[in-house]
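# Report on the structure
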Amino acid sequence: MNFKRIGVIGGGTMGQGISEMLAAKGLDVLLVEETPEKLDHAYNMIETSLDKQLEKWAITKAEKKLILSKVHKVTHLAELGTCDMVIETISEDLDAKKEVFKQLDHVCPSNIILASNTSTLSLTEIAGSTMYPERVIGMHFIYPVSKINLVEIIRGLKTSDATFEETKHFVEEVVDKRGIMVYESPGFVTSRIICVMINEALHVLGEGVATAEDIDNAMRVGYQFQYGPLEMADRFGLDSVLAALERMFREFGDLKYRPSFVLKKMVRAGNLGVKTGEGFFKYDKDGDRL
C-alpha cells in the first residue's frame, strides 16, 4: 500500500508526537480530537515543539511551515474515510477504544489498517468490536516519538499476515523506525519492563534509600538512560503508569507488578508529572525541567 494520508485520533502527548513525526516525514495527517478547543491545544503544542527545534537550529522556518501545513485539524471521525491508515492514540480506556474502532468500521473501507497505540490493552479485545478484526493491529510508539526509533508491532489473535506485513513496511520504510513483532501479552515488551523498573525505583524512594534526584542520576549517568526512572514516570504521566501496573497486576497476579504506595499517593494528590507541572520533579508549561 502507498501510505500518504494518515489519521491520528487523540491529541494528547502521544498523538501530538506521532502527528509531528508523520508530518515531518512528508505525510498528510488528519488529527482528530473531541472538541475544537482540544484540537487547537494539540496543534499549538506541535507548533511549540517545532519552535524549540527552530531555536536549536534543528529545523528552518520553511521546514516548520511545511510540517505544520501537513497537519490538518479534524473534529469528526467521518473525515478519516480517505486515509490510508488510522492510528488511535486516546487514553488507555478499553471501552473508549472499542467505541472508536466500532465507529471507524463505518467510515473506513475494509482494506484500511486500523492501528492502536495502546501500551497495555488487549488488541484482540479491541478488534472484537469491529467487523474486520483482521485489519486491527497494535503500533506502540514510545515517548518521545521523534527521538525513539523503536515501534512495537502487536498482533492480535485475528490480525492477518497482510496487515502485519503492511504495518511493518510502514514502520520501517515509511517512517524509518525499527519495528519489533510482539505477540499479545499485557504490557507487551517495553511497558512491561519499564514499569517494573519505575515501580522498583518508587520502592527505593519510599524506603528512603536515596532521594529522587540521586535515584535518577544513578540510572541516567550510570547506565546512560536519557531520563531517570522517576522523570520517565513524570513524562509518561503518573496516572498512566499506575493504570498500567494495576492492569498487569490483575492479569499476571504477580506481586512485582503491585503499584508502589508512593505512586498511589502522588496520583491521589493530583501530581501527575509533566501534564500537571509537578510530579517527582517540577516542569514548565513546555515540559522542560525547572
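Residues numbered from 1 in each chain as written. Predicted model: local features only at pLDDT ≥ 70, side-chain atom pairs only at ≥ 80, totals over all residues. Heavy atoms only, no water.

### Some words on a negative patch on the surface
Together, Asp93, Asp95, Glu125, Glu184 and Glu251 give the surface a local cluster of negative charge. Glu125 sits in the partly exposed class, given a relative accessible area of 39%. (Patch = residues over 30% accessible without salt bridge, like charges linked within 9 Å, V, L, I, M, F, W, Y side chains within 5 Å. Areas by Shrake-Rupley, 256 points an atom, 1.4 Å probe, with all protein chains shown as cover. Salt bridge = Lys/Arg side-chain N within 4 Å of Asp/Glu carboxyl O. Lys, Arg positive; Asp, Glu negative; His and termini not counted. Charge placed at Lys NZ, Arg CZ, Asp CG, Glu CD. Buried < 20%, exposed > 50% of the residue type's maximum accessible area, 1.4 Å probe, protein only.)

### Remarks on the side chain of Glu152
Following the sequence through the fold, Glu152 ends up in strand β7 (residues 150–155). Summary of buried charges: Glu152 has no salt-bridge partner, and the nearest side chain of opposite charge, Arg192, is 9.8 Å away. Ignoring any residue separated from it by four or fewer positions in sequence, one finds Glu152 in contact with Gly138, Met139, His140, Ile180, Val182, Phe188, Val189 and Thr190. (Helix = DSSP H or I, 4+ residues; strand = E, 2+ residues; numbered from the N terminus. Contact = heavy atoms within 4.5 Å.)

### Regarding the packing of aromatic side chains
Tallying each qualifying case throughout the model produces two aromatic pairs. Centre to centre, the rings of Phe3 and Phe170 are 5.0 Å apart; their planes meet at 65 degrees, and the pair counts as edge-to-face. Taken as a pair, Phe3 in the segment before β1 (5–9) and Phe170 in helix α6 (residues 161–174) lie far apart in primary sequence, 167 residues in all. Owing to a relative accessible area of 5%, Phe3 belongs among the buried residues under this scheme. On the basis of relative accessible area, Phe170 is assigned to the buried category, the value being 0%. Ring geometry for Phe252 versus Tyr257: centroids 5.1 Å apart, planes at 25 degrees, classification stacked. The partly exposed category is assigned to Phe252, whose relative accessible area is 33%. Between Lys73 and the ring centre of Tyr43, over which it is positioned, the NZ or CZ distance is 4.9 Å. Positioned above the aromatic ring of Phe281 is the side chain of Arg289, whose terminal nitrogen or guanidinium carbon lies 3.9 Å from the ring centre. (Phe/Tyr/Trp six-rings, centres within 6.5 Å; stacked < 30°, edge-to-face > 60°. Lys NZ or Arg CZ within 6 Å of the ring centre and 35° of its normal.)

### What about the environment of Met1?
Along the chain, Met1 falls in the segment before β1. For Met1 and Asn111, which are 110 residues apart along the polypeptide, the C-alpha to C-alpha distance reads 9.9 Å.

### Looking at the sheet that holds strand β5 (residues 113–116)
If you walk across this open sheet you meet the eight strands as β3-β2-β1-β4-β5-β6-β7-β8, and the pairing is mixed. Every interior strand has two partners, whereas the edge strands, β3 (71–74) and β8 (178–183), have only one. Each strand of the sheet is rotated relative to its neighbour by a mean of 25 degrees, with strand direction disregarded. As judged from the four bridges shared by strand β2 (residues 28–32) and β3, these two strands associate in the parallel manner. Within β3, the position partnered with Val32 by the bridge is Val74. (Pairing = 2+ DSSP bridges. Axes fitted to C-alpha atoms, helices over the stretch in contact; angles between N-to-C directions.)

### Points about the nonpolar core
Nonpolar side chains in soluble globular proteins tend to end up buried together. The biggest cluster of nonpolar side chains holds 34 residues, and the ones touching the most others in it are Ile6, Leu22, Met85, Ile87, Met139, Phe141 and Phe170. Each residue touching Ile87, except ones within four places of it in the same chain, is listed here: Ile6, Gly7, Val8, Ile9, Ile18, Leu22, Ala115, Met139, Phe141 and Phe170. Counting residues in each nonpolar core, the second largest holds 23 residues, with Cys195, Met232, Leu238 and Val241 among its members. (Core = buried A, V, L, I, M, F, W, Y, C linked by side-chain atoms within 4.5 Å.)

### Focus: helix α4 (residues 94–107)
A rise of 1.5 Å per residue sets the reference length of α4, with its 14 residues, at 20 Å; its end C-alpha atoms lie 20 Å apart and thus fit the reference within 8%. Two to three positions downstream of the cap, the backbone nitrogen of Asp95 sits 3.1 Å from a side-chain oxygen, assigning the N-cap of α4 to Asp93. (Expected span 1.5 Å × (residues − 1). Polar contact = N/O pair within 3.5 Å; in protein donor to acceptor, adjacent residues only side chain to side chain.)

### A look at the packing of helix α7 (residues 190–206) against helix α8 (residues 212–222)
Interhelical geometry of α7 versus α8 gives an angle of 140 degrees and a closest axis separation of 10 Å. For the element pair α7 / α8, the angle class is oblique. When the axes of α7 and α8 are compared, the crossing they make is right-handed. On the side of α7, the interface is formed by Met197, Ala201, Val204 and Leu205, while α8 contributes Ala212, Ile215 and Met219. Across the contact of α7 with α8, the residue classes tally to seven nonpolar, no polar and no charged. (Parallel < 35°, antiparallel > 145°, perpendicular 65-115°, else oblique. Left-handed = near helix turned anticlockwise from the far one by under 90°. Nonpolar A, V, L, I, M, F, W, Y, C, P; charged D, E, K, R; others polar.)

### Focus on the UniProt feature "binding site: CoA" (unreviewed entry) in the chain
UniProt's feature table lists "binding site: CoA" (unreviewed entry) at Ser49, Lys56 and Ser119, given in the numbering used throughout. Across 71 residues in sequence, these annotated residues place their C-alpha atoms as far as 31.2 Å from one another, rather than forming a single compact spot. Within the element layout of this structure, Ser49 appears in helix α2 (residues 36–55). Residue position: Ser119 is located in the loop between β5 and α5 (123–127). The contact partners of Ser119, leaving out residues within four places of it in the chain, are Glu92, His140, Gly187, Phe188 and Ser191. (UniProt positions renumbered as here; feature names shortened; annotations may be inferred.)

### Considering the pattern of salt bridges
Applying the stated criterion to the full structure yields 14 salt bridges. Linking Glu47 and Lys64 is a salt bridge whose minimum nitrogen-to-oxygen distance equals 3.3 Å. Of this pair, Glu47 sits in helix α2 while Lys64 is found in helix α3 (residues 61–69), placing the two residues 17 residues apart along the sequence. Given the relative accessible area of 26%, Glu47 is considered partly exposed. Salt-bridge contacts for Lys168 lead to Glu172; the nearest nitrogen and oxygen are separated by 3.0 Å. With Lys168 and Glu172 both in helix α6 and four residues apart, the pair spans about one turn of that helix. By relative accessible area, which is 24% here, Glu172 ends up partly exposed. Several salt bridges converge on common partners, so that one network encompasses Glu213, Glu231, Arg235 and Arg289.

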